[in-house]
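# A look at the structure
Given next are the chains, with one letter for each unit.
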Amino acid sequence: MGDDILIVFCTAPTHDKAEELARGLVDERLAACVNFIPGIRSVYRWEGTVKNEPENQLIIKTTQHRWGA
């Protein structure tokens, strides 16, 4: 039975946090590969205020089977 492949996008506030998340996901075999792209900006609403913050984009390659973990 094959697993359905998932591409999951999330952000991390710093380069160090992005690297920590990427390494942890791969070390725990929750993702086959994680790319992270530094230097993006996110504009979002948080607690009634519009924020404009630097972030790091993570692209996580995993499977439907691993998603719950």
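Reading guide: rules and limits
- Residues numbered from 1 in each chain as written.
- Predicted model: local features only at pLDDT ≥ 70, side-chain atom pairs only at ≥ 80, totals over all residues.
- Heavy atoms only, no water.
- Helix = DSSP H or I, 4+ residues; strand = E, 2+ residues; numbered from the N terminus.
- Rg over C-alpha atoms; globule rule 2.2 N^0.38 Å.
- Buried < 20%, exposed > 50% of the residue type's maximum accessible area, 1.4 Å probe, protein only.
- Contact = heavy atoms within 4.5 Å.
- Pairing = 2+ DSSP bridges.
- Axes fitted to C-alpha atoms, helices over the stretch in contact; angles between N-to-C directions.
- Patch = residues over 30% accessible without salt bridge, like charges linked within 9 Å, V, L, I, M, F, W, Y side chains within 5 Å.
- Areas by Shrake-Rupley, 256 points an atom, 1.4 Å probe, with all protein chains shown as cover.
- Salt bridge = Lys/Arg side-chain N within 4 Å of Asp/Glu carboxyl O.

## Details of the overall build of the protein chain
The helix and strand tally for the protein chain stands at two helices and three strands. Shown N-terminal to C-terminal, the secondary structure of the protein chain runs as helices and strands in the order β-α-β-β-α. Over its C-alpha trace the protein chain gives a radius of gyration of 14 Å, far above what one expects of a compact globule, namely 11 Å for 69 residues. Its C-alpha atoms give the protein chain principal-axis dimensions of roughly 45 × 25 × 15 Å. For the protein chain, the proportion of its 69 residues judged to be buried stands at 22%. Pairs at least 24 residues apart make up 60% of the contacts formed inside the protein chain by residues separated by at least 6 positions.

## Examining the sheet that holds strand 2 (residues 33-46)
Read across the sheet, three strands follow the order 1-3-2 without closing on themselves; strand pairing throughout is antiparallel. What marks the edges here is a single partner per strand, and that holds for strand 1 (5-12) and strand 2. Neighbour to neighbour, the strand axes of the sheet diverge by 30° on average, direction disregarded. In terms of strand pairing, strand 2 meets strand 3 (residues 49-63) through 12 bridges, oriented antiparallel. In the strand pairing of strand 3, Trp 46 is matched with Thr 49. Set on the sheet, helix 1 (residues 15-27) makes contact with strand 1, strand 2 and strand 3; between it and strand 2 the angle comes to about 130°.

## Structural notes on unusual backbone geometry
Although it is not a glycine, Arg 29 sits at a positive phi angle of roughly 60°. The residue Arg 29 is located in the loop between helix 1 and strand 2 in this model. For Arg 29, a relative accessible area of 66% gives the class exposed. Although it is not a glycine, Glu 47 adopts a positive phi angle of roughly 50°. Position of Glu 47 relative to the elements: it lies in the loop between strand 2 and strand 3. Using a relative accessible area of 70% as the deciding quantity, one classes Glu 47 as exposed.

## Thoughts on a nonpolar patch on the surface
A cluster of nonpolar side chains, contributed by Ile 5, Ile 7 and Phe 9, occupies part of the molecular surface with about 360 Å² of accessible area. Position of Ile 7 relative to the elements: it lies in strand 1. Taking relative accessible area as the criterion, Ile 7 reaches 46% and is therefore assigned partly exposed.

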